[in-house]
Amino acid sequence: MEQASEMMEIEQTPKYVHLIAGWPFVLVLFGGLIGGGLGGLAYLINLKIYNSQLSKINKILANIMCGMVAISAWWFIAGAVQDTFFNS
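Residues numbered from 1 in each chain as written. Predicted model: local features only at pLDDT ≥ 70, side-chain atom pairs only at ≥ 80, totals over all residues. Heavy atoms only, no water.

1. A look at the overall build of the chain
Of the regular secondary structure elements, the chain holds four helices and zero strands. Ordered by position from the N terminus, the helices and strands of the chain form the series α-α-α-α. Sorting the 88 residues of the chain into buried and exposed places 25% on the buried side. Summed over all atoms, the accessible surface of the chain reaches about 6,500 Å², with 71% contributed by carbon and sulfur. (Helix = DSSP H or I, 4+ residues; strand = E, 2+ residues; numbered from the N terminus. Buried < 20%, exposed > 50% of the residue type's maximum accessible area, 1.4 Å probe, protein only. Areas by Shrake-Rupley, 256 points an atom, 1.4 Å probe, with all protein chains shown as cover.)

Okay, structure coming up:
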């Protein structure tokens, strides 16, 4: 039942919020599958942040921080993959 209420919250969210929350999807352009997964996870977290009781400025800052964490995670994962497979 909780899952259904979460889906209703996502459907009622304004379109501009989806655009703002989805900015980490930029990772798909240069991050492939790993970037897409991390961008999708950041998007879902950003929607949760938007629906929280935080002030508007804290929501914006948390949104930016969440995306930056996703980018940092991609950077470290990409570095580890490169070291594992492409170092001789």
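2. Quick notes on the confidence of the model for the chain
Across the chain, pLDDT averages 82, with 86% of residues at or above 70. No element of the chain has a lower mean pLDDT than helix α1 (residues 2-12), which averages 59, and none a higher one than helix α4 (residues 56-86), which averages 90. (pLDDT = per-residue confidence, 0-100.)

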